[in-house]
Amino acid sequence: MSSLQLTVLGSGTSMGVPTLGCHCAVCDSSDPHDKRTRPSVLLAYGGRNVVIDTTPDFRYQAMRAHIDRLDAVIYTHAHADHILGLDDIRPFNLKQKGVVPLYGSPQTLALLRAQFAYIFNDAPAESTVPLVELHDIDGPFDLFGARIIPIPAMHGSQPVLGFRLGAMAYLTDFSQVPESSKALLRNLDHFILDALRYVPHPTHSNVEQSLALVAEMKPKRAWFTHICHDLGHAEANARLPENVRLAYDGLQFEVPL
Ligand SMILES: [Zn+2]
Ligand SMILES: [Zn+2]
Ligand SMILES: [Zn+2]
């Protein structure tokens, strides 16, 4: 049986932690777990590297995780904190002498086309632009031998996709999960999910709501991500159930595929 190695490239919310100009206890913390770049994960399997989202920190995250090739990007949605690092895939185009396929919902791909018009217009480029190929996600799909199951959820009024591979699921930026998607979140070994802060938020799940979803889905382990500076790593972990922890940049685990 093959396996998937997951690395959390970024566990922070859209502004990152430390947050610019802030000197709260978490932003000024010396605990490296309290340094959170923007939300993304690396899926490494079968000699391939696939990232979920290209954050504004993508270049730094790829260096830090020693990513030497990039085979595909899967997008959850098109908010700035999930897409703005796309331009930094260019070195992989050059090194691999080819395009990098991007997967997303039709809506996400339309927003990518609009945000990155210089990639998609036909004007001759005087300098390098990312070489990409767009693939609609309209249901479960196979990517380099792995079955990827999209998990539709709502992020305020906007749709967002989580993804399941084997007994691992990644679901960030959600405020509500429909029953049809909950059916896809059972029997998980690892469940990485949005838990922005303690205080409720209109477009994100908070700690209390995410704990309720974990209690309902009963994964073996749950990891909170997209975390803002309201949660200190050590302090928040001490208040969580044994099988639930804050994710952190660099967290790694393996799951069978
Ligand atoms: Zn986000
Ligand atoms: Zn702060
Ligand atoms: Zn978002």
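Look up: the structure comes first, before these words.
Rules behind the numbers
Residues numbered from 1 in each chain as written. Chains lettered and ligands numbered in written order. Predicted model: local features only at pLDDT ≥ 70, side-chain atom pairs only at ≥ 80, totals over all residues. Heavy atoms only, no water. Buried < 20%, exposed > 50% of the residue type's maximum accessible area, 1.4 Å probe, protein only. Helix = DSSP H or I, 4+ residues; strand = E, 2+ residues; numbered from the N terminus. Arc of directions from axis to C-beta. Contact = heavy atoms within 4.5 Å. Donors = N, O, S within 2.8 Å, 3.2 Å for Na, K, Ca; no water. Tetrahedral: all angles 85-135°; square planar, octahedral: opposite > 155°, others 65-115°. Pairing = 2+ DSSP bridges. Axes fitted to C-alpha atoms, helices over the stretch in contact; angles between N-to-C directions.

Participant: Which parts of the structure should I look at to understand helix α7 (residues 207-217)?
Facilitator: Since there are 3.6 residues in each turn of an α-helix, residues three or four apart along the chain are aligned in direction. Restricting attention to buried positions, one finds in α7 the residues Val207, Ser210, Leu213, Val214 and Met217. Each buried residue of α7 lies within a common arc of 125° when the element is viewed along its axis, so the set occupies one face. Seen from the buried face of α7, the exposed residues on the opposite side, beyond 90 degrees, are Glu208 and Ala215. The inward-facing, buried residues of α7 contact α6 (179-182), β11 (190-194), β12 (221-225) and β13 (244-246).

Participant: Just to check I follow, could you spell out the coordination of the zinc ion (ligand 1) for this structure?
Facilitator: Taken together, the protein ligands of the zinc ion (ligand 1) are Asp81 (OD), His82 (NE2), Asp173 (OD) and His226 (NE2), with distances of 2.1 to 2.3 Å. For the zinc ion (ligand 1), the 4 donor atoms are set out with angles of 93 to 165° between them, so the coordination reads as irregular. A gap of 3.4 Å separates the zinc ion (ligand 1) and the zinc ion (ligand 3), which aspartate 173 links by coordinating each metal. Judged on exposure class, the residue aspartate 81 and its partner histidine 82 are both buried.

Participant: What am I meant to see in the sheet that holds strand β5 (residues 100-104) here?
Facilitator: Ordered in space as β6-β5-β4-β3-β2-β1-β14, the 7 strands form an open sheet in which the pairing is mixed. A single partner strand is all that each edge strand has here, and the edge strands are β6 (132-136) and β14 (252-256). Put simply, the sheet's adjacent strands are angled 25° from each other on average, direction ignored. With 2 bridges connecting them, strand β4 (residues 72-74) and β5 associate as parallel partners. Residue pairing for β5: isoleucine 74 is matched across the bridge by tyrosine 103.

Note that every value here comes from positions in space, so none of it alone points to a role or purpose.
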